[in-house]
Amino acid sequence: MRISKSMIFLGLCLVAVVAAIVNILPVMWQQDNKTMLKEANTAYFAKQYGRCISLCEELMQRAPELLEARILAGRVAWETGDTDRALSYLQPVLELRHRDAVSLVAWGGNLDLKRGDVDGAEKWFGEALALDPLQDIPRQRLVDLLSAEGRWWTALPHRYQLLKQGKYEMYDLMFLGNPQAILYDGEMKDVLNRGRSHTM
């Protein structure tokens, strides 16, 4: 069977069209994701929280690596008083092990602190430091938490790391002279009084 030149030409055109579509689809998909994220932000600022969450959840399914959608969904859940839902949006970030997610992971620790879940907060802060050991904010929060619980020796290496990085506050220096000074930190004291899940 002979294949005519027009059939060969048609076949090559078809291959070219398919190749173009394969190359263009990811770009269009990415632009669509950006447009959807912009719509979610617009809904957030218009206080249309249901729409915002819906768009963010769709984005999370389509592009799990898009951390902005998780951040926005977490913010909405937090602002509407649903801490558990906010944490559920953040949890998969730990599995991504992405260095850019450090502040998001540390925020998970702060959310757990607000709920009174000391063990959960400790885990989040530890994960943030595993992603980037030079981050001072999650390290400081971890130091405060461990010290407030009376685990000064566990906090000590973290405190020295902060001192070496030049990222310390006055009460870090006070601690060196009086390890129990940290107990006067009002926020940590409140967290421990609200409900401690860690057994000393």
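Described in the following lines is the structure provided in the data block.

## Examining the packing of aromatic side chains
Then, number 1: As enumerated under the stated definition, the model contains two aromatic pairs in all.
Then, number 2: Between the aromatic rings of Tyr44 and Phe45, the centroid separation amounts to 5.1 Å while the plane-to-plane angle is 70°, which identifies the pairing as edge-to-face.
Then, number 3: A centroid spacing of 6.1 Å and a plane angle of 50° characterise the contact between Tyr44 and Tyr49, whose relative ring orientation is tilted.
Then, number 4: With relative accessibility at 11%, the residue Tyr44 sits in the buried group.

## A closer look at a nonpolar patch on the surface
Then, number 1: On the surface, a cluster of nonpolar side chains totalling about 320 Å² of accessible area is made up of Tyr168, Met170 and Leu173.
Then, number 2: Tracing the chain through its elements places Leu173 in helix H9 (residues 170-177).
Then, number 3: Judged by its relative accessible area of 39%, Leu173 falls in the partly exposed class.

## Digging into the environment of Leu37
Then, number 1: As for its placement among the helices and strands, Leu37 is situated in helix H1 (residues 5-45).
Then, number 2: Between the C-alpha atom of Leu37 and that of Glu58, which follows or precedes it by 21 residues, the distance is 10.0 Å.
Then, number 3: Other than its neighbours up to four places away in sequence, Leu37 contacts Leu59, Glu68 and Ala69.

## Side note on the pattern of salt bridges
Then, number 1: For the coordinates displayed, the defined rule picks out six salt bridges.
Then, number 2: One salt bridge connects Glu122 with Arg151, and the closest N-O pair in it is separated by 2.6 Å. Pair noted here: Glu122 is in helix H6 (residues 118-131) and Arg151 is in the loop between helix H7 (136-148) and helix H8 (152-165), with a separation of 29 residues, a long-range link.
Then, number 3: Relative accessible area serves as the criterion here: at 21%, Glu122 is assigned to the partly exposed category.
Then, number 4: Relative accessible area serves as the criterion here: at 17%, Arg151 is assigned to the buried category.
Then, number 5: Salt bridges linked by common partners bring Asp32, Glu58 and Arg62 together as one network.

## A closer look at the environment of Leu113
Then, number 1: Following the sequence through the fold, Leu113 ends up in helix H5 (residues 102-115).
Then, number 2: Look at Leu113 and you get buried, because its relative accessible area is 1%.
Then, number 3: Distance from Leu113 to Leu145, taken between C-alpha atoms, is 9.0 Å for residues 32 residues apart in sequence.

## Here's the deal with helix H2 (residues 49-62)
Then, number 1: Look at H2: 20 Å from first C-alpha to last across 14 residues, which is about the 20 Å you get at 1.5 Å a residue.
Then, number 2: For H2, the set of buried residues is Cys52, Ile53, Leu55, Cys56, Leu59 and Met60. With its buried residues spanning 165° around the axis, H2 presents them on a single face. Opposite the buried face of H2, by more than 90 degrees, sit the exposed residues Gly50 and Gln61.

The rules we used
For every chain, the first residue of the written sequence is number 1, and numbering continues from 1 onward in sequence order. Local features are withheld for residues below a pLDDT of 70 in this predicted model, meaning they are given only at 70 or higher, and side-chain atom pairs are given and counted only at 80 or more; totals for whole chains, interfaces and linings count all residues. The basis for every side-chain value is the complete set of heavy atoms in the structure, and neither hydrogens nor water enter the calculation. Stacked, tilted and edge-to-face pairs are distinguished by plane angle, under 30 degrees for stacked and over 60 for edge-to-face with tilted covering the rest, among Phe, Tyr and Trp rings (Trp via its six-membered ring) whose centres lie within 6.5 Å. Residue burial is assigned from relative accessible area. The probe radius is 1.4 Å, only protein chains are included, and a residue is buried under 20% of its type maximum, exposed over 50%, and partly exposed in between. Patch building starts from residues that exceed 30% relative accessible area and form no salt bridge, then joins like charges within 9 Å and nonpolar side chains (Val, Leu, Ile, Met, Phe, Trp, Tyr) within 5 Å. Accessibility throughout is a Shrake-Rupley quantity obtained with a 1.4 Å probe, and a residue counts as covered only by protein chains that appear here. Salt bridge criterion: a side-chain nitrogen from Lys or Arg within 4 Å of a carboxyl oxygen from Asp or Glu. Secondary structure elements follow DSSP: runs of H or I of four or more residues count as helices, runs of E of two or more count as strands, with numbering from the N terminus. We call two residues in contact when some of their heavy atoms are within 4.5 Å. Helix span, as expected, comes to 1.5 Å for every residue beyond the first. What the arc measures is the spread of directions leading from the helix axis to the C-beta atoms.

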